[in-house]
Amino acid sequence: MVRRPVAWVVAIVLFAEALGIAAVQWFLGVVVDRQDMSLAGLDSDMMAISSKVGGVVFGLYFGLCALVALLVALRDRPAAGVGRVLLISAAVVHGLLGAFAWGLVGVGAFVFMVTVLGLIVLLLMTYDAQPSPTDSVPAPAPAPEPGPDPADGAAPA
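Our subject in this report is the structure included herewith. (Residues numbered from 1 in each chain as written. Predicted model: local features only at pLDDT ≥ 70, side-chain atom pairs only at ≥ 80, totals over all residues. Heavy atoms only, no water.)

### Remarks on a nonpolar patch on the surface
Taken together, W8, F15, L64, L67, L71 and L74 make up a surface patch of nonpolar side chains, about 510 Å² in accessible area. Sorting elements by how many residues they give to the nonpolar patch places helix α2 (residues 44–75) first, with four residues. Within the secondary structure, W8 sits in helix α1 (residues 3–35). (Patch = residues over 30% accessible without salt bridge, like charges linked within 9 Å, V, L, I, M, F, W, Y side chains within 5 Å. Areas by Shrake-Rupley, 256 points an atom, 1.4 Å probe, with all protein chains shown as cover. Salt bridge = Lys/Arg side-chain N within 4 Å of Asp/Glu carboxyl O. Helix = DSSP H or I, 4+ residues; strand = E, 2+ residues; numbered from the N terminus.)

Printed below as a string of structure tokens:
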């Protein structure tokens, strides 16, 4: 089946993305700190710190989403509750980042974001398609009530 390999790929890609986004944001914070320039009067130290904090926050967010995908791969069960919400929010974030990447970065970044979006949606949808254990066992039909026997032609007393 395709479910487990997709979950493994999503986990690996999200872990790599978590490290990548944290590293890029940290690097941008270092660059802003060394430039020692202000942007419209903003403090350069504050911009550097906020870039680093943003990188750590986004890195932890994508790392947590990757952990959810890893648990789905290990357990071979769908994500539920907060984990499912995290994966759905990661899909939405990748859709938005893909839309911005098309105009700001280029087609390559757009294709990457849409590919990750597709993998996350595939992970969510393939586990939804499997029937639950209660769906496979039909409920017993109620016993018919005894009624008049049409062969007798008479109603019971």
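### Notes on the layout of surface pockets
Empty space among the atoms can be located by rolling a probe the size of a water molecule over them. Quantified by volume, the largest pocket comes out at close to 270 Å³. If you trace the largest pocket, you find 13 residues lining it, with I21, L97, V105, A109 and M113 closest to the centre. (1 Å grid on protein atoms, 1.4 Å probe; cavity = no way out; pocket = protein on both sides within 12 Å on 5 of 7 lines; lining within 4 Å. Points joined across faces, edges and corners; volume = space filled by probe spheres on them.)

### Examining a negative patch on the surface
A cluster of acidic side chains, namely D33, D36, D43 and D45, defines a negative patch on the protein surface. Looking at the element boundaries, D36 is found in the loop between α1 and α2. (Lys, Arg positive; Asp, Glu negative; His and termini not counted. Charge placed at Lys NZ, Arg CZ, Asp CG, Glu CD.)

### Focus on α1
End to end, α1 covers 47 Å across 33 residues, agreeing with the expected 48 Å (1.5 Å per residue, within 8%). Among the residues of α1, R3, V6, A7, V10, A11, L14, E17, A18 and G29 are the ones counted as buried. Downstream of α1 by a residue or two, D36 has a phi angle that is positive, lying close to 55°. (Expected span 1.5 Å × (residues − 1). Buried < 20%, exposed > 50% of the residue type's maximum accessible area, 1.4 Å probe, protein only.)

### Focus: empty space enclosed by the protein
For the coordinates displayed, the defined rule picks out one cavity of 30 Å³ or more. Considering only enclosed or pocket space, the largest cavity measures out at about 40 Å³ in volume. What lines the largest cavity is V72, P78, A79, R84, L87, L123, L124 and Y127. Elements that contribute at least two residues to the lining of the largest cavity include exactly α3 (82–104) and α4 (107–128). In terms of residue count, α4 provides more of the lining of the largest cavity than any other element does, three residues in total. A per-class count over the lining of the largest cavity returns seven nonpolar, no polar and one charged. (Nonpolar A, V, L, I, M, F, W, Y, C, P; charged D, E, K, R; others polar.)

### Here's the deal with the side chain of T126
Relative to the helices and strands, T126 resides in helix α4. When its relative accessible area of 14% is taken as the criterion, T126 is described as buried. There is a polar contact of 3.3 Å between the side chain of T126 and the backbone oxygen of L123. Contacts of T126, omitting those with residues within four sequence positions, involve V2 and R3. (Polar contact = N/O pair within 3.5 Å; in protein donor to acceptor, adjacent residues only side chain to side chain. Contact = heavy atoms within 4.5 Å.)

### Describing the packing of aromatic side chains
Summed over the entire model, instances satisfying the criterion amount to three aromatic pairs. Pairing F58 with F62 gives two aromatic rings, centres 6.2 Å apart and planes at 35°, and the pair type is tilted. With F58 and F62 both in helix α2 and four residues apart, this pair spans about one turn of that helix. On the accessibility criterion, F58 (41% relative accessible area) is partly exposed. The buried category is assigned to F62, whose relative accessible area is 1%. Judged by centre distance (4.8 Å) and plane angle (85°), the ring pair of W102 and F110 falls under edge-to-face. Note on F110: relative accessible area 26%, which makes it partly exposed. Grouped by ring-pair contacts, the aromatic residues F58, Y61 and F62 constitute a single cluster. For the cation-ring pair, K52 lies above W26, with the distance from its terminal atom to the ring centre recorded as 5.0 Å. (Phe/Tyr/Trp six-rings, centres within 6.5 Å; stacked < 30°, edge-to-face > 60°. Lys NZ or Arg CZ within 6 Å of the ring centre and 35° of its normal.)

It is worth stressing that arrangement in space is one thing and function is another; only the former is reported here.
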